[in-house]
Each structure stands twice: as structure tokens, then as C-alpha cells.
Amino acid sequence: MDSRLRGNDECGVAVTIENQDALSEIASAATLAELEAIRVRMLGKSGTITALLKTLGGMTPEQRQAEGPKIHALREAVTQAIADRKATLEGAALEARLATEKLDMSLPVSVGMQGSVHPVAQVMDELAEIFADLGFAVATGPEIEDDWHNFTALNIPETHPARAMHDTFYFPDAEDGRKMLLRTHTSPVQIRTMMTEKPPIRIIAPGRTYRSDSDATHTPMFHQVEGLVIDRGIHMGHLKWTLETFVKAFFERDDIVLRLRPSFFPFTEPSAEVDVGFTWEKGRRVIGGDPTAANGGWMEILGSGMVHSRVIANCGLDPDEWQGFAFGCGIDRLAMLKYGMDDLRAFFDGDLRWLKHYGFAALDVPTLSGGVGA
Ligand code: PHE
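Source: prediction; values computed, not measured.

Thresholds, definitions, all that
- Residues numbered from 1 in each chain as written.
- Predicted model: local features only at pLDDT ≥ 70, side-chain atom pairs only at ≥ 80, totals over all residues.
- Heavy atoms only, no water.
- Near = heavy atom within 4 Å.
- Polar contact = N/O pair within 3.5 Å; in protein donor to acceptor, adjacent residues only side chain to side chain.
- Areas by Shrake-Rupley, 256 points an atom, 1.4 Å probe, with all protein chains shown as cover.
- Buried < 20%, exposed > 50% of the residue type's maximum accessible area, 1.4 Å probe, protein only.
- Helix = DSSP H or I, 4+ residues; strand = E, 2+ residues; numbered from the N terminus.
- Pairing = 2+ DSSP bridges.
- Salt bridge = Lys/Arg side-chain N within 4 Å of Asp/Glu carboxyl O.

Draft legend 1. Representation of the site of the ligand. The full set close to the ligand counts 13 residues, and His185, Ser187, Arg211, Gln224 and Gly328 are the nearest of them. Between the ligand and Arg211 there is a distance of 3.0 Å, counted from an oxygen atom to a side-chain nitrogen or oxygen. In this structure, Gln224 approaches the ligand through a side-chain N or O atom, which is 2.9 Å from an oxygen atom. Compared with its free state, where it exposes 330 Å², the ligand has 91% of that area covered by protein.

Draft legend 2. Region of the structure containing the pairing of strand β11 (residues 296–307). With nine of its twelve residues buried, β11 lies for the most part within the structure. Sheet topology note: the strand β9 (residues 268–281)/β11 ladder contains ten bridges and is antiparallel. Residue Val274 lies in a different strand from β11, and its bridge partner there is Leu302. Examined bridge by bridge, β11 and strand β12 (residues 323–330) share five bridges and lie antiparallel to one another. Counterpart to Gly305 in the pairing with β12 is Ala326.

Draft legend 3. Representation of the environment of Gly141. By the element assignment, Gly141 lies in the loop between β3 (137–138) and β4 (144–146). With relative accessibility at 24%, the residue Gly141 sits in the partly exposed group. Here the alpha-carbon distance between Gly141 and Gly207, two residues 66 residues apart in the chain, equals 8.4 Å.

Draft legend 4. Representation of the pattern of salt bridges within the structure. Taken as a whole, this structure holds 19 salt bridges when the rule is applied. Two residues, Glu101 and Arg97, come together in a salt bridge whose shortest N-O distance is 3.4 Å. The exposed category is assigned to Glu101, whose relative accessible area is 53%. One continuous salt-bridge network, built from bridges that share partners, spans Arg259, Arg261, Glu273 and Asp275.

See the structure below:
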């Protein structure tokens, strides 16, 4: 490229630009403001290069063919040089700012009041994590239920004595006549999941439940976790393995034995209550160890069974094709057993001293022993 370009002065515009001069002027711009002034002077509306471009209009086709590429190349080169210089100047400006604006990270921060994670929330997180490793999703449902989802669909018809086992809080009937209540267990989430999702289903449903009951081990509001598996060919062996794997991961011990005792729930058949072995260690009852030893025993921790074929049919699934198991467990009780509290009512008193003592730091990583199967 010629280092000197001269516009067509026959059409009245005479502009001469020394190519190298332009580029070195750009390269030596000391500030962004200076660079911007150069840009306006060369490429702005009445800039020198803009003027050169305008001369193309008055040229003969031959002249234009000869001059056009040069003028465009000049504009390209100047535009690029300005962009390069701009990047360099901006980088230098940032460097300079970083050098002066130092942040002293070693200064101690004043820590005000800090909250903590409630043991129930902590245990819910641990449950979700353990069951996620086994392929279970977390499902939720409403706490204000109708009696169809809470009872009828679960094979507890209106006159069934099992309804009396649950001290239910009722609301006035809904406008469409449905009997409304505070759910007495998390089992209605089974129903809602089976009605909206196609098997195979693997869920846990942790959440609040309500019964009119209050003493050292019962509060009117408490927490349960429901487990549900629906697939082809599911049997009690799957249930037992799942519960064993869960209990060992949750209590972080491998020497836990389970005992399944025949029981009754209207929504499972057969049904089993599940006991875990415990031993007294240093004056504390600890899950694990030999329940038949002198310092050992059994403790019931959950209800379970194979989902009743009538429940599966109530949800619109064919019980000849789909089987499954379910279990239900008190979360508060799990927390008491794992972290050593003995009065359930204190869980919900909101006493800051209790929360400080039993709460978990918000950034604590759940203390699972490497998860299931580790
Ligand atoms: N819903 C039962 C209860 O609250 C627990 C349970 C759930 C039992 C699932 C068996 C299967 O008592």
C-alpha cells in the first residue's frame, strides 16, 4: 500500500494522509480521551479519512478502481489500530486501578447474630441426599388435603376404624363438598404421585403432618418422610434392602440390624413395622450394635409394606402390572435418635439457646459417611 494517499482534488476535496504518521499517532495516544479525539479527527463525520472516502464519489471509474482499495485499506488499518490502542489503554487503566484499590482480605469481619439450620431441616437434607443416591426424587404435596387423598384412596373408607387412629384436624367442607383436613401423614403424596406420574416411580416425600396430640414425644405438628417405589416385579426384598441401606447411611454405621415385624396398615399388604437394633453406649442409647447383647434392644422406627393392590387401582394403575412398596417414618424422631435430643416439644419452641446448641452451621456439609454404598 502507498504510504501516502491523496484524494481527488479536482472535485474540491484535497486530503493527504501519511499512512505511517496516522498509525504512529494512534500508537502514541497516551489517554483514552486523546485516542477518542484522534478517532473523531480521522473517522468522524468530518474526519480526514471520511473525507477521503467521500472523494471516491467524484472519481472516474478507473480512478476509483485504483484509489478505492487503498482508501478502504487505510480506513481498515486505522480502525484496527485504534481498537488495539484502546484495548491496551483500557488494560493499563485496569491494572492501575487494581494496583491502587487494594482490598485487605485478612481484616477480621465482625460477625453479628448468626442463624443455624434446624435439626429437622438438616435431617431432611440428609434424607434427600441418601435417597438421591438410590435414584429417588423428592415429591411434595399440600398440607391442607381432602379426605379422599388422605384416607379414602389409601383404602381407609369413611366408616373404617383406622380413621379414628388418626386424630384429625378438620376444616369446614370445601364448596364442592369435599371434606378438608390437615394431612395426618405424608401418604397422600403417594396417591398424588401415582395419579400424575407414570411408573416406574421412586420418590420420597418429606414434609409437615398434623394430629391432635401433645406430650413429650408427640406434637400437633410433626414431620414425616414417605417413601414409594412402583415398578414391575417389586417385592419385600427390595423394601428390606432399601431400608437397610438407608438406615446404615443415615446413622453412619454398618453394624445396624433391622427386624421386620408383621403389622397392619390399610394401604399396605403385607405390612411390617421396622425395628432397629440399639445398644447403650456411655449412658446413651445408640442405633447399632448387637440388639441381643445385655446392653442392647430393639426400637421401632418406621412403618412399611407392599402397596395394597386396591390403592394402586384407586390411582388408575393396573395392579397386575405394577407393584411396589411404601414406608413412612417420623423425621423428628430420626433427628432425636441421631443427634441425641429427648424432648420433641423443644423442637418447635423456637428457644434460641436450644437452636444454638442443636442447630447446624448453614455452610456445614452434611455429615454423611461418604453416602450410600461407600
Ligand atoms: N402413613 C403411615 C403412618 O403415618 C406410615 C406408613 C407409610 C406405613 C407407608 C406404611 C407405608 O402411620
